[in-house]
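Below are the chains, spelled out letter by letter.
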Amino acid sequence: MRSLIDIKELSLKELDSLIDTALDIIENPQKYSEKCKGKKLATLFFEPSTRTRLSFEAAMYELGGNVLGFSEASSSSSAKGESVADTAKMISCYADIIAMRHPKEGAPLVASMNATIPVVNAGDGGHNHPTQTLADLLTIKRKKGRFNNLTIGLCGDLKFGRTVHSLIAAMSRYEGVKFVLISPEELRIPSYVKTDVLDKCGIEYVETKDLCGAMPELDILYMTRIQKERFFNEEDYLRLKDSYILDPQKLENAKKDLCIMHPLPRVNEISVKVDSDPRACYFEQALNGKYMRMALILMLLGIK
Amino acid sequence: MRSLIDIKELSLKELDSLIDTALDIIENPQKYSEKCKGKKLATLFFEPSTRTRLSFEAAMYELGGNVLGFSEASSSSSAKGESVADTAKMISCYADIIAMRHPKEGAPLVASMNATIPVVNAGDGGHNHPTQTLADLLTIKRKKGRFNNLTIGLCGDLKFGRTVHSLIAAMSRYEGVKFVLISPEELRIPSYVKTDVLDKCGIEYVETKDLCGAMPELDILYMTRIQKERFFNEEDYLRLKDSYILDPQKLENAKKDLCIMHPLPRVNEISVKVDSDPRACYFEQALNGKYMRMALILMLLGIK
Amino acid sequence: MRSLIDIKELSLKELDSLIDTALDIIENPQKYSEKCKGKKLATLFFEPSTRTRLSFEAAMYELGGNVLGFSEASSSSSAKGESVADTAKMISCYADIIAMRHPKEGAPLVASMNATIPVVNAGDGGHNHPTQTLADLLTIKRKKGRFNNLTIGLCGDLKFGRTVHSLIAAMSRYEGVKFVLISPEELRIPSYVKTDVLDKCGIEYVETKDLCGAMPELDILYMTRIQKERFFNEEDYLRLKDSYILDPQKLENAKKDLCIMHPLPRVNEISVKVDSDPRACYFEQALNGKYMRMALILMLLGIK
């Protein structure tokens, strides 16, 4: 029995296989519409995350399965003091696969060690969020047709943004990838990401505060939300949150085939005026998340 | 692609068609049990409304479809600052049709302008609630067999009660309709409803504070809840909420075939002693709401 | 139309029939996978109880049916002042069977008197929780092969623990049953249980504070959670909650075929070190709850 807690658990071959399955689902949805008939997904969301939860639920429904669970901790047994380990064992009686979101890092790992069914990490604190990275990878594949020889700009909160760390980990395994790390001083990428991932893989990168200056060379621009809850005081948040807002003007010197991504939800990091730009890929990215989750559910349940 | 935000968007011909479909569903439920197989309804309830939400969910399940969504704002991405427009675009990736309830007037309209799937307004503030009106109309049709030549008493909160405003708008399109507007002074029908709807359509109406006096001539008596949340102070609420309570005594001079309606939930506007009166139609009205929502979902999804 | 509010409403013959159905479901799940196709379960949880709710939902899905409802009172119409009676009537329009959890004793009974569909009591205050008892009974049957001639230890909160009262009521109908009631002084079994159930049925029992001393003669040890919410002050709770913690050491003198049960969720009444003991049956008990709920839904809906 297999779980997915961290994107790095997937080999490049497995990633390719997931992407192939997702592309086949997009081409032939009908072929997959009964694959999970009689199966049940448990969405255990100890903190709310509508987009992620609904994406998992849509994925399971489009495979013909059913969904049960909870969308916030107050509705769960944990309010009565139940451990994550016990919840995982208990849910194993009621479902075939778990998608777990938890504010504490490591909780989905603990769940996977106690459940008798596969567990998918749907985000644990500032830690991992592998299915977001799967969505990102399918978007890159569909837009660029390749994973190597790409210059990827990462912009915004590079310190706390887990989607950015996961994407770096995933893309650093391909050749010819270069990262441009665009952030205010306070939100620079943590040094362990540089030493343990980028340097280790021999990946080229530059750090800059200047979004406009970096723009012309980018194949991909990955914007991130500056989350209020990551800051210690309101003042720092207000000063920084608007620092890196993408608008049509900033895109003037961008490549014609730039691919603009964002994990959503956005607050105002990307002006709505950008939405109609054909280079805006963030809503398609959400759609791709559903397809990759479908592929992942099939893989973890061992369904061909 | 078609949405339903305001009951007035439906032509009389479309209303007739919806009612015909609902009547056919009632006769032949089995014929419809797989019509929406593989389709997904998203119930986006930014404020709780159990009855409306469960009615939509039951409707979708009885058509063979599935349901995902949230039942209050705290579980939604909006808590992270996402706009209604973005939520609508995002949900369009995960569902085939949206039922949206929102405390802010106009929010479902904004959603419908951004979604790529149909949006049904399931109530927006004090504004519109078209599927409640659809339930009302089917109840009138099934009980009276006609929409014209009816004297309709509307009783209770006529100022803030959106269901009443929508019903007036819908029924004012038929001939021979007369309204008796029964309310305390403070909760009289707004003057714009009188000038823009009733006068414009040449509809006869009287205003009165006297429920008993109005009773004998009514074909339909539509009771409404006096909602605490519409008042500025507790004292006004307590003084007014019990003013217009329907009980068996008040029904003594009513017609034998009076049709008593209420959008539910009720607090105490109708005594439970009235429930066993064959003229009480309010629970049947809730059932009719399910059938009309089924008919509407089929229409908006273009399913025959 | 039949409801289940109290375990005592079921005759021994009906209990046998439910257990036979559950055992057949375990053997032949495929045979039952479409039995409730097109049927809807409403889970009306006026207070959260994840395990019970998900068990009901899993049961309905494994029978091919659908589920709608709410998981806490704030999402329900009751927040607008709707009575349980009205909610029951309303939900009867949208579902085929109700599972209701309510903090007030008697609420599910009121619901069953007003609904036009079967109501299952999924726990009402400190009162009844019949489907928990059904889970307990199937566990005893599967582990011991019989209901008579068993010595059953009940340990922990015997005063407020409704599962314990229900289990005593159910097991007191069998011959040769003996209870060992193990609790601190403050949480002893209420005297009415002794006079109205145990003495009336001529059932042998002893009361003791000593878990270890009682251990050797037990065939079944039923541990219960000491619920914080049942105490008037924090101090009493802290002093008592750890009094009766089961660990491997306390099990040294236990029978080889002891069956250790717990209604879950547990806090720390049973050390996790006991989980790997083959005599630990509490997670299997949760699984058995699902099968008995499936059997019950079929019985109440009159499906063979």
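Residues numbered from 1 in each chain as written. Chains lettered and ligands numbered in written order. Predicted model: local features only at pLDDT ≥ 70, side-chain atom pairs only at ≥ 80, totals over all residues. Heavy atoms only, no water.

**Observations regarding the overall build of chain A**
Turning to step 1, where the next piece is worked out: A count of helical and extended segments in chain A gives 11 helices and nine strands.
Turning to step 2, where the next piece is worked out: Its C-alpha radius of gyration of 19 Å places chain A within 12% of the 19 Å reference for a compact globule of 304 residues.
Turning to step 3, where the next piece is worked out: With the C-alpha coordinates of chain A rotated into their principal frame, the extents come out at 55 × 45 × 40 Å.
Turning to step 4, where the next piece is worked out: Put simply, chain A has 304 residues, and 61% of those count as buried.
Turning to step 5, where the next piece is worked out: Considering only residue pairs separated by 6 or more positions, chain A has 73% of its internal contacts joining residues 24 or more positions apart.
Turning to step 6, where the next piece is worked out: Total accessible area computed for chain A in this model is approximately 11400 Å², and 49% of it derives from carbon and sulfur atoms. (Helix = DSSP H or I, 4+ residues; strand = E, 2+ residues; numbered from the N terminus. Rg over C-alpha atoms; globule rule 2.2 N^0.38 Å. Buried < 20%, exposed > 50% of the residue type's maximum accessible area, 1.4 Å probe, protein only. Contact = heavy atoms within 4.5 Å. Areas by Shrake-Rupley, 256 points an atom, 1.4 Å probe, with all protein chains shown as cover.)

**Some thoughts on the pairing of strand S2 (residues 66–70) of chain A**
Residue and element names in this part refer to chain A.
Turning to step 1, where the next piece is worked out: Buried residues dominate S2, accounting for five of its five residues.
Turning to step 2, where the next piece is worked out: Where strand S1 (residues 40–45) lies against S2, five bridges are found, and the strand directions are parallel. Along S2, the bridge assignment pairs Lys40 with Asn66.
Turning to step 3, where the next piece is worked out: At this point the chain moves from S1, through helix H3 (residues 50–62), to the parallel S2, and the crossover so formed is right-handed. (Pairing = 2+ DSSP bridges. Right-handed = clockwise from strand over helix to strand, strands pointing away.)

**Observations regarding the relation of the copies chain B and chain C**
Turning to step 1, where the next piece is worked out: For these two chains of identical sequence, chain B goes onto chain C by a turn of 120 degrees and a shift of 0.0 Å along the axis, with RMSD 0.1 Å. Within this description, the copies of the chain are treated as partners about a three-fold rotation axis. Nearest to the rotation axis, the C-alpha of B:Asn66 is located 5.0 Å from it, this being the minimum over chain B.
Turning to step 2, where the next piece is worked out: Take the interface residues of chain B: only 8% of them recur as interface residues in chain C, which is what a contact between different surfaces looks like. (Least-squares fit on C-alpha atoms with pLDDT ≥ 70 in both.)

**Regarding the interface of chain A and chain B**
Turning to step 1, where the next piece is worked out: Contacts between the two partners involve 25 residues from chain A, matched on the other side by 21 residues from chain B.
Turning to step 2, where the next piece is worked out: Taken together, the two surfaces of chain A and chain B that pack against each other cover about 2100 Å², and 53% of this comes from carbon and sulfur.
Turning to step 3, where the next piece is worked out: Here chain A is connected to chain B by four salt bridges.
Turning to step 4, where the next piece is worked out: Note that B:Lys37 is salt-bridged to A:Glu34, the shortest N-O span being 3.5 Å.
Turning to step 5, where the next piece is worked out: Between the two partners, chain A and chain B, sit eight residue pairs in polar contact (both at pLDDT 80 or more).
Turning to step 6, where the next piece is worked out: Broken down by secondary-structure element, the contributors of at least two residues to the side of chain A that touches chain B are H3 and helix H11 (282–300) of chain A.
Turning to step 7, where the next piece is worked out: Counting residues per element, the side of chain A that touches chain B draws most heavily on H3(A), which supplies nine residues.
Turning to step 8, where the next piece is worked out: Looking at the side of chain A that touches chain B residue by residue, the classes come out as nine nonpolar, five polar and 11 charged. (Buried area = accessible area lost by both parts, 1.4 Å probe. Salt bridge = Lys/Arg side-chain N within 4 Å of Asp/Glu carboxyl O. Polar contact = N/O pair within 3.5 Å; in protein donor to acceptor, adjacent residues only side chain to side chain. Nonpolar A, V, L, I, M, F, W, Y, C, P; charged D, E, K, R; others polar.)

**Some words on helix H4 (residues 84–91) of chain B**
Turning to step 1, where the next piece is worked out: The buried fraction of H4(B) amounts to seven of the eight residues, a majority that puts the element mostly inside the structure.
Turning to step 2, where the next piece is worked out: For H4(B), the complete set of buried residues consists of B:Val84, B:Ala85, B:Asp86, B:Thr87, B:Ala88, B:Met90 and B:Ile91.

**Some remarks on the domain arrangement of chain A**
Residues and elements named next belong to chain A.
Turning to step 1, where the next piece is worked out: Per the domain assignment, the segments making up chain A are domain 1 (7–128 + 289–300) and domain 2 (130–286).
Turning to step 2, where the next piece is worked out: Taken over C-alpha atoms, the centre of domain 1 sits 25 Å from the centre of domain 2.
Turning to step 3, where the next piece is worked out: Summed over both sides, the interface of domain 1 with domain 2 buries roughly 2200 Å², with 62% coming from carbon and sulfur.
Turning to step 4, where the next piece is worked out: Between the two partners, domain 1 and domain 2, sit zero salt bridges.
Turning to step 5, where the next piece is worked out: Elements with a contribution of two residues or more to the side of domain 1 that touches domain 2: helix H1 (12–27), H3, strand S4 (119–124) and H11. (Domains from an automatic or database assignment.)

**Some words on the side chain of A:Ser166**
Turning to step 1, where the next piece is worked out: Following the sequence through the fold, A:Ser166 ends up in helix H7 (residues 162–171).
Turning to step 2, where the next piece is worked out: Not counting the four nearest positions on each side in its chain, A:Ser166 is found in contact with A:Ile7, A:Asn128, A:His129 and A:Thr133.

**A short note on helix H5 (residues 107–114) of chain A**
Residues and elements named next belong to chain A.
Turning to step 1, where the next piece is worked out: By the burial criterion, the buried members of H5 are Ala107, Pro108, Ala111 and Ser112. Projected down its long axis, H5 shows its buried positions confined to an angular sector of 140 degrees, all on one face.
Turning to step 2, where the next piece is worked out: Those residues of H5 that are buried are in contact with helix H4 (84–91), strand S3 (97–102) and S4. (Arc of directions from axis to C-beta.)

**Concerning unusual backbone geometry**
Turning to step 1, where the next piece is worked out: A cis amide bond links A:Leu264 to the next residue, A:Pro265, at an omega of -5 degrees.
Turning to step 2, where the next piece is worked out: Examined against the element boundaries, A:Pro265 turns out to sit in the loop between strand S9 (259–261) and H11.
Turning to step 3, where the next piece is worked out: The backbone of B:Asn149 sits at a positive phi, close to 55 degrees, despite the residue not being glycine.
Turning to step 4, where the next piece is worked out: Phi is positive for B:Leu264, close to 55 degrees, though the residue is something other than glycine.
Turning to step 5, where the next piece is worked out: When you line up the elements, B:Leu264 lands in the loop between strand S9 (259–261) and helix H11 (282–300).

**A few points about the interface of chain B and chain C**
Turning to step 1, where the next piece is worked out: Counting from both sides, the interface comprises 25 residues of chain B and, opposite them, 21 residues of chain C.
Turning to step 2, where the next piece is worked out: Summing both partners gives a buried area of about 2100 Å² for chain B against chain C, and 53% of it is carried by carbon and sulfur.
Turning to step 3, where the next piece is worked out: Along the contact surface separating chain B from chain C lie four salt bridges.
Turning to step 4, where the next piece is worked out: We note a salt bridge from C:Lys40 to B:Glu62, for which the minimum N-O separation is 2.7 Å.

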